[in-house]
Amino acid sequence: MHVDLSHILQSLQHFHLTPWKVVGYLGTLMFTGRWFVQMYYTRKHKRVVMPLSFWWMSVTGSALLLAYFVFGKNDSVGILSNFFPVFVSVYNLVVHMRHQKNNLTGDNTA
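Residue positions within a chain follow its written sequence, with the count starting from 1. Totals for whole chains, interfaces and linings use every residue, but because this is a predicted model, local features are given only for residues with pLDDT of at least 70 and side-chain atom pairs only at 80 or more, for both listing and counting. Water and hydrogen atoms were dropped before computing side-chain values, which therefore reflect all heavy atoms in the structure.

1. Brief notes about the overall build of the protein chain
Counted only if it meets this: Secondary structure elements follow DSSP: runs of H or I of four or more residues count as helices, runs of E of two or more count as strands, with numbering from the N terminus. In this scheme, a residue with accessible area under 20% of its type's maximum is buried, one over 50% is exposed, and one in between is partly exposed, where area comes from a 1.4 Å probe on protein chains only. Contact criterion: two residues are considered in contact whenever any of their non-hydrogen atoms come within 4.5 Å of each other. The Shrake-Rupley method, run with a 1.4 Å probe, gives the accessible areas here. Residue values count only the displayed protein chains as cover.
Within the protein chain one finds four helices and zero strands. Along the protein chain, helices and strands appear, N-terminal first, in the series α-α-α-α. Its C-alpha atoms give the protein chain principal-axis dimensions of roughly 65 × 35 × 25 Å. Every one of the 110 residues in the protein chain was classed for burial, and the buried ones make up 25%. Of all intrachain contacts in the protein chain linking residues separated by at least 6 positions in sequence, the fraction that spans at least 24 positions is 51%. Accessible surface for the protein chain amounts to roughly 8500 Å². Of this, 68% is attributable to carbon and sulfur atoms.

Okay, here's the thing in structure tokens:
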């Protein structure tokens, strides 16, 4: 398999940081960083833990990446790959908040 490194080097030489790229990089940092948060809590509790911050980082990272791919890049692959995770993360946050509310009110029916 032949890899054309000159194309990669040329892309790096002509790198321009735009506001939308900053949004994309922040989204990537947030979406990737959530796994380090999850690993920290798992090590701390000595069992698999999905902390609430994992889901907030998922929502934030997905939303930033979705904004980048919709407005900054107009890339359908990026849009589709970040559209679904937003809903899954929001769903998990809603379930968590309902659970917390039910614990406070003593309502075990929901």
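2. A few points about the packing of helix H2 (residues 19-45) against helix H3 (residues 52-73)
The line we're drawing: With axes taken as lines fitted to C-alpha atoms, and helix axes fitted only over the stretch in contact, angles between N-to-C directions fall between 0 and 180 degrees. To sort the angles, those under 35 degrees are grouped as roughly parallel, those over 145 as roughly antiparallel, those from 65 to 115 as roughly perpendicular, and the leftovers as oblique. For a crossing to be left-handed, the near helix must be turned anticlockwise from the far one by less than a right angle; the clockwise case is right-handed. For this scheme, ten residues count as nonpolar: Ala, Val, Leu, Ile, Met, Phe, Trp, Tyr, Cys and Pro. Four count as charged, namely Asp, Glu, Lys and Arg, and the remainder, Gly too, count as polar.
Interhelical geometry of H2 versus H3 gives an angle of 160° and a closest axis separation of 8 Å. In terms of axis orientation, H2 runs roughly antiparallel to H3. Between H2 and H3 lies a crossing of left-handed hand. Among the residues making up the contact of H2 with H3, the classes are represented as 15 nonpolar, eleven polar and two charged.

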